[in-house]
Amino acid sequence: MSSAVADFGLIGLAVMGQNLILNINDHGFKVCAFNRTVAKVDDFLENEAKGTEVIGAHSIIEFVSSLKRPRKIMLLVKAGAAVDDFIETLLPHLEEGDIIIDGGNSHYPDTQRRYEYLTSKKILFVGCGVSGGEEGARYGPSLMPGGNPEAWPHLKPIFQAIAAKAPDGAPCCDWVGEGGAGHFVKMVHNGIEYGDMQLISEVYHIFRNGVGFTDDEQSDIFAQWNKGVLDSFLIEISTDILRFKDADGQPLLEKIRDAAGQKGTGKWTAIAALDYGMPVTLIGEAVFARCLSSIKDERVRASKILSGPTNNKYTGDKAQLVKDLEQAMYASKIISYAQGFILMREVSHQFNWNLNYGSIALMWRGGCIIRSAFLGDIKNAFDKNKSLECLLFDPFFQQATTTAQSGWRNAISTATLIGIPIPALSTALSFYDGYRTARLPANMLQAQRDYFGAHTYELEDKPGNFVHTNWTGRGGNVHASNYDA
Ligand code: NBP
């Protein structure tokens, strides 16, 4: 086969690649498939893709020559060296203006590097976050493409056709921004997912250990919450999980070992937050909560010797606590998304990515794990003000946090008094209280730093002018030079 007949080429015939090819085919685009282990191409054509318009190639030359120009080639292979290897294999066969899309879970600095490299070779590179797993790939993922904007007009008809649709029919795919923006936004999405999951787990812990609700009772509460401000995929699946019974009729959830795994995207988000100096505390706590859970044997030993409060059961009005926790979770979610967006704002600024925040919220409204009604409110906030500094400056969210506040504080004091750990719920409130405080105690930190290390400080009435004080009369007047640790 040598004629250029295919609209789209896809390399990587594992679960994501196969499903995405079938999805693209369903929408009337002709796809050519290729894979490192070439035998999988025929396997796919004879099985999953049988009866479709999908074609296959048995060599890179055959693959490239089957594609209409500009060639649109998506890699859905294992993140890392496999992506670089395929880029190098493809390069000699491509022409100026052809497009390579990496749809795997690549780390955004790699995407930024590949974007710069391929730009120098006049190839349009796109790093595209793909969310929604196997089912999303098959029937509608959330797609977050970023990279060379010249590629977007060529990809838009295909990507928006195959993407998930939000409840109002809008495709959950739009151009995210330049360079490594697509994979960066996908990474923050995963970090936010860690936060949302942790918040739900903390509420479950309070319900189960503090109040003594059965799993079925909790499922009823979550089902109710799913009709209100917390309406989301993760609340929906938690409702089902709480209801699910094992073969012996007992809740399966209670038999699962409490040691959480992680694949690293939450950690990447927390590292990016530290690298760029942004207080993304809730995702950080969610990652650390998984770490704490995973040292299970140590915790079991500690549980036998460390004491907590004498009263570890909630004895107050249960209905009121349910209401307070709903408010606490909602307000904490607002904080988590506000933190995620300030991280995106900062990194976008550093890399000149021109991130499109409203579209990001829109893309997350369907197809992905954090899909929720609440993202519509975030989209509205950015529609009203494209350069919104932080979600908490939007009148809707300002009002929402004000309304939630008393329930939020009550829920946190209740959990603290009965000794139930709530790292995500409580860090959200601490962030909120810190963010709304005009004068924090960092003057004390500055004084300490100057006292022991001559690191200098600014006076309130002379910002930008760094001075040192000889606090003890013994240290001399030489001050340290500035450095970033
Ligand atoms: P995998 O991540 O399991 O990768 C399998 C594919 O990578 C196969 O085509 C395999 O070729 C190819 N490959 C490997 Br492994 N090493 C290679 C190398 N050194 N050179 C060339 N090709 C190589 O597949 P997946 O689960 O479908 O995921 C694809 C991408 O999408 C990954 O980056 C993943 O993180 C991401 N993703 C996955 C999900 C999900 O739910 N699974 C969701 C969202 C994103 P072979 O057949 O010859 O071994």
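Computed from a predicted model, the values in this text were never measured in an experiment. (Residues numbered from 1 in each chain as written. Predicted model: local features only at pLDDT ≥ 70, side-chain atom pairs only at ≥ 80, totals over all residues. Heavy atoms only, no water.)

**Here's the deal with the UniProt feature "active site" (unreviewed entry) in the protein chain**
Argument step 1. Cross-referencing UniProt, the feature "active site" (unreviewed entry) maps to K186 and E193 in the present numbering.
Argument step 2. Turning to its location among the elements, K186 is positioned in helix 8 (residues 181-211).
Argument step 3. Residue contacts for K186: discarding those within four places in its chain leaves N105, G129, V130, S131 and M144.
Argument step 4. Tracing the sequence through the fold places E193 in helix 8.
Argument step 5. Judged by its relative accessible area of 16%, E193 is buried.
Argument step 6. Non-local contacts of E193, meaning those with residues more than four positions away in its chain, are made with L234, I369 and I370. (UniProt positions renumbered as here; feature names shortened; annotations may be inferred. Helix = DSSP H or I, 4+ residues; strand = E, 2+ residues; numbered from the N terminus. Contact = heavy atoms within 4.5 Å. Buried < 20%, exposed > 50% of the residue type's maximum accessible area, 1.4 Å probe, protein only.)

**Observations regarding the pairing of strand 10 (residues 462-467)**
Argument step 1. Here strand 9 (residues 457-459) runs beside strand 10; their pairing, made up of three bridges, is antiparallel. Looking across to strand 10, one finds that Y457 is bridged to V467.
Argument step 2. Between the antiparallel neighbours strand 9 and strand 10 lie two residues. (Pairing = 2+ DSSP bridges.)

**A word on the site of the ligand**
Argument step 1. As a matter of local geometry, the ligand sits amid 19 residues, with M16, N35, R36, T37 and K40 nearest to it.
Argument step 2. A distance of 2.7 Å is found between an oxygen atom of the ligand and a side-chain nitrogen or oxygen belonging to N35.
Argument step 3. Note that an oxygen atom of the ligand is positioned 3.0 Å from one of the side-chain N or O atoms of R36.
Argument step 4. The protein chains hide 73% of the 900 Å² of surface that the ligand would expose on its own. (Near = heavy atom within 4 Å. Polar contact = N/O pair within 3.5 Å; in protein donor to acceptor, adjacent residues only side chain to side chain. Areas by Shrake-Rupley, 256 points an atom, 1.4 Å probe, with all protein chains shown as cover.)

**Considering the environment of L375**
Argument step 1. Along the polypeptide, L375 turns up in helix 16 (residues 374-384).
Argument step 2. L375 sits in the buried class, given a relative accessible area of 0%.
Argument step 3. Distance from L375 to I360, taken between C-alpha atoms, is 9.4 Å for residues 15 residues apart in sequence.
Argument step 4. Beyond its immediate chain neighbours, meaning those up to four positions away, L375 contacts Y337, A361, W364, R365 and I370.

**Observations regarding the packing of aromatic side chains**
Each pair of aromatic rings is reported with the distance of its centres and the angle of its planes.
Argument step 1. Scanning the entire structure with this criterion turns up 28 aromatic pairs.
Argument step 2. By way of ring pairs, the aromatic residues Y108, F184, Y276, F351 and W353 are connected into one cluster.
Argument step 3. A cation over a ring is seen here: R290 above Y194, with NZ or CZ 3.7 Å from the ring centre. (Phe/Tyr/Trp six-rings, centres within 6.5 Å; stacked < 30°, edge-to-face > 60°. Lys NZ or Arg CZ within 6 Å of the ring centre and 35° of its normal.)

**Observations concerning the environment of F244**
Argument step 1. Here F244 lies in the loop between helix 10 (233-243) and helix 11 (265-275).
Argument step 2. Of the residues examined, F244 reaches a relative accessible area of 48% and is grouped as partly exposed.
Argument step 3. Through-space distance from the C-alpha of F244 to that of D216 is 8.9 Å; in sequence the pair is 28 residues apart.
Argument step 4. In this view, F244 contacts Q250, P251 and L252; residues no more than four positions away in its chain are not counted.

**Observations regarding the side chain of K379**
Argument step 1. Note on placement: K379 falls in helix 16.
Argument step 2. Residue classification places K379 among the buried residues on the basis of a relative accessible area of 18%.
Argument step 3. Those residues in contact with K379, other than ones at most four positions away along the chain, are G358, A361 and L362.

**Side note on the nonpolar core**
Within soluble globular proteins, side chains that are nonpolar tend to cluster in buried spots.
Argument step 1. Membership of the largest hydrophobic core comes to 84 residues, with the highest contact counts inside it found for F184, F207, W225, M344, I360, W364 and I378.
Argument step 2. Among the elements that take part in this core, helix 14 (residues 318-351) stands out by supplying 16 residues, more than any other.
Argument step 3. The next biggest cluster of nonpolar side chains, apart from the first, holds 33 residues, and it includes L22, A33, C128 and I162. (Core = buried A, V, L, I, M, F, W, Y, C linked by side-chain atoms within 4.5 Å.)

**Digging into the UniProt feature "domain: 6-phosphogluconate dehydrogenase C-terminal" (unreviewed entry) in the protein chain**
Argument step 1. When the UniProt feature table is mapped onto this chain numbering, "domain: 6-phosphogluconate dehydrogenase C-terminal" (unreviewed entry) sits at residues 182-472.
Argument step 2. Taken end to end, residues 182-472 is 64% helix and 3% strand, and its first and last C-alpha atoms sit 53 Å apart.

**Quick word on a nonpolar patch on the surface**
Argument step 1. On the surface, a nonpolar cluster with roughly 280 Å² of combined accessible area is contributed by F244, L252 and I256.
Argument step 2. Here I256 lies in the loop between helix 10 and helix 11.
Argument step 3. Relative accessible area serves as the criterion here: at 53%, I256 is assigned to the exposed category. (Patch = residues over 30% accessible without salt bridge, like charges linked within 9 Å, V, L, I, M, F, W, Y side chains within 5 Å. Salt bridge = Lys/Arg side-chain N within 4 Å of Asp/Glu carboxyl O.)

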